[in-house]
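The residues making up each chain are set out below.
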Amino acid sequence: MSRYRRLVVGCLVVAAGCGKLETGDTGPAEPPVDTSVTFADVQEIFDDQCVSCHVAGGVMATVPLTAAEAYDAIVNVPSSVDGVVLVKPQAPDDSYLVMKVRGTYGEIGGGGDSMPPGFLLAQNHIDVIVEWVEGGALP
Ligand code: HEC
């Protein structure tokens, strides 16, 4: 999936470069600027707010959110609620991790606390996670 996307983006970049040459622009093509949220932005939030517990030896070791493990531990991985995965690419409203940080997990029968326990993340941090999931939850 992600390899396919990269291929598509690569082709678009090549096409854009060709278009420029055809219009007589002899300068090098501008590198594409990707302003969308990346997993690195999400991992930064995990590093700051989550890994103290979500780590081997921590109180929530079953869902590790360290840089080495987080992606594989959450994307398309079943949550504690039957039939709901932690992160469903392109579907933040169906992603249990998003529900936990929004505090809406109770609506589908989830238990425990919102994440991090005791307070909600800053709205802009929640937005980063949501946008990453909406964008396909790419690695
Ligand atoms: C103080 C420790 C602590 C911190 C910090 C923390 N968690 Fe948790 N987390 C837990 C515990 C304990 C559970 C299990 C009980 C529950 O669901 O409340 C849990 C459960 C979860 C679950 C549900 C897993 C499932 O399948 O039920 C998700 C998703 C989650 N945390 C994500 C996060 C994220 C994202 C952050 C950071 C924004 C975070 N947590 C910060 C302790 C923590």
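Counting restarts for each chain: residues are numbered from 1 in the order of the written sequence. Restriction of local features to residues with pLDDT of at least 70 applies here, the model being predicted, together with a cutoff of 80 or more for giving and counting side-chain atom pairs; totals for whole chains, interfaces and linings are based on all residues. Side-chain metrics in this entry use all non-hydrogen atoms of the structure; hydrogen atoms and water are not considered.

*Asks:* Run through the overall build of the chain, naming residues and quoting values.
*Replies:* Helix numbers and strand numbers start at the N terminus; a helix is a DSSP run of H or I with at least 4 residues, a strand a run of E with at least 2. Looking only at helices and strands, one finds five helices and zero strands in the chain. Listed by position from the N terminus, the elements making up the chain come as α-α-α-α-α. Within the chain, the fraction of its 139 residues that count as buried is 32%. Residue contacts are defined here by distance: any two heavy atoms, one from each residue, within 4.5 Å place the two residues in contact. Restricting the contact set of the chain to residue pairs at least 6 apart, pairs at least 24 apart contribute 42%. All accessible-area figures derive from a Shrake-Rupley calculation using a 1.4 Å probe, and residue coverage is judged against the displayed protein chains alone. Just so you have it, the chain exposes about 8,600 Å², and 57% of that area is on carbon and sulfur atoms. Note on classification: 1.4 Å probe, protein chains only; a residue is buried when its accessible area is under 20% of the maximum for its type, exposed when over 50%, partly exposed between these limits.

*Asks:* Can you explain the packing of helix α2 (residues 39-49) against helix α5 (residues 123-134)? Please cite residues and give values.
*Replies:* Lines fitted to the C-alpha atoms define the axes, with helices restricted to the stretch that makes contact. Angles between their N-to-C directions range from 0 to 180 degrees. It is at 9 Å that the axes of α2 and α5 come closest, and there the two elements cross at 140°. Here α5 runs oblique to α2, going by the angle between their axes. Judged by the sense of rotation from one axis to the other, the crossing of α2 with α5 is left-handed. Side by side, α2 and α5 meet where F39, D41, V42, I45 and F46 of the first sit next to H125, V128, I129 and W132 of the second. Residue classes follow a fixed rule: Ala, Val, Leu, Ile, Met, Phe, Trp, Tyr, Cys and Pro count as nonpolar, while Asp, Glu, Lys and Arg count as charged, and any other residue, Gly among them, counts as polar. Of the residues belonging to the contact of α2 with α5, the class tally is seven nonpolar, one polar and one charged. Roughly parallel means an angle under 35 degrees; roughly antiparallel, over 145; roughly perpendicular, 65 to 115; everything else is oblique. The handedness criterion is simple: a crossing whose near helix is rotated anticlockwise from the far helix by less than a right angle is left-handed, and one whose near helix is rotated clockwise is right-handed.

*Asks:* Give a description of the nonpolar core that names residues and reports values.
*Replies:* Note on terminology: a nonpolar core comprises buried Ala, Val, Leu, Ile, Met, Phe, Trp, Tyr and Cys residues joined through side-chain atoms within 4.5 Å. Counting 29 residues, the largest nonpolar core has F46, L65, I74, V87, I129 and W132 as its most contacted members. Those elements that place two or more of their residues in this core are α2, α3 (70-74), α4 (96-102) and α5. A per-element tally of this core places α5 first, with six residues.

*Asks:* Lay out the site of the ligand in plain terms, naming residues and giving numbers.
*Replies:* Inspection of the region around the ligand gives 22 residues, with C50, C53, H54, S80 and M115 positioned closest. Polar contact is defined as a pair of N or O atoms within 3.5 Å, subject to the rule that within protein one atom must be able to donate a hydrogen and the other to accept it, and that residues adjacent in sequence are counted only when both atoms are side-chain atoms. At a separation of 2.7 Å, a nitrogen atom of the ligand approaches a polar side-chain atom of H54. If you list the elements that add at least two residues to the shell around the ligand, you get α2 and α4. Sort the elements by how many residues they give to the shell around the ligand and α4 lands first, with four residues. For this purpose, a residue is taken to be near a molecule or strand whenever a single non-hydrogen atom of the residue falls within 4 Å of it.

*Asks:* With reference to specific residues and values, describe the coordination of the iron atom of the ligand.
*Replies:* In this structure, H54 (NE2) and M115 (SD) serve as the protein donors to the iron atom of the ligand, at separations of 2.0 to 2.2 Å. Donors, by definition, are the N, O and S atoms found within 2.8 Å of a metal, the threshold being 3.2 Å for Na, K and Ca, and water is not counted, so a site can look incomplete. Irregular is the label for any site that misses the other tests, which are tetrahedral for four donors with all angles between 85 and 135 degrees, and square planar for four donors or octahedral for six when opposite donors exceed 155 degrees and the remaining angles lie between 65 and 115. Classification of the site at the iron atom of the ligand as octahedral follows from its six donor atoms and the range of 84 to 179° in their angles at the metal. Linking H54 in the loop between α2 and α3 with M115 in the loop between α4 and α5, this pair joins segments that are 61 residues apart in sequence. Using a relative accessible area of 11% as the deciding quantity, one classes H54 as buried.

*Asks:* Before we move on, could you go through the packing of aromatic side chains and cite the residues and values that matter?
*Replies:* Only Phe, Tyr and Trp rings take part, Trp by its six-membered ring, and two of them pair if their centres are within 6.5 Å. Stacked means planes under 30 degrees apart, edge-to-face means over 60, and tilted covers everything else. Scanning the entire structure with this criterion turns up four aromatic pairs. Between F39 and Y71 the ring centres are 5.4 Å apart and the planes differ by 80°, which places this aromatic pair in the edge-to-face class. Within this pair, whereas F39 is found in helix α2, its partner Y71 is found in helix α3, the two being separated by 32 residues in sequence. Owing to a relative accessible area of 10%, F39 belongs among the buried residues under this scheme.

*Asks:* If you had to explain a negative patch on the surface to someone new, which residues and values would you point to?
*Replies:* Residues forming no salt bridge and having over 30% relative accessible area are the ones grouped into patches, like charges within 9 Å of each other and nonpolar side chains (Val, Leu, Ile, Met, Phe, Trp, Tyr) within 5 Å. Every case where a carboxyl oxygen of Asp or Glu lies within 4 Å of a side-chain nitrogen of Lys or Arg is listed as a salt bridge. Only four residue types enter the tally: Lys and Arg on the positive side, Asp and Glu on the negative side; His and the chain ends are excluded. Note on charges: their place is set at NZ of Lys, CZ of Arg, CG of Asp or CD of Glu. Taken together, the side chains of D41, E44, D47 and D48 define an acidic patch exposed on the protein surface. Within the fold, E44 resides in helix α2. On the basis of relative accessibility, which here comes to 52%, the residue E44 falls in the exposed class.

Just distances and angles here, no functional claims.
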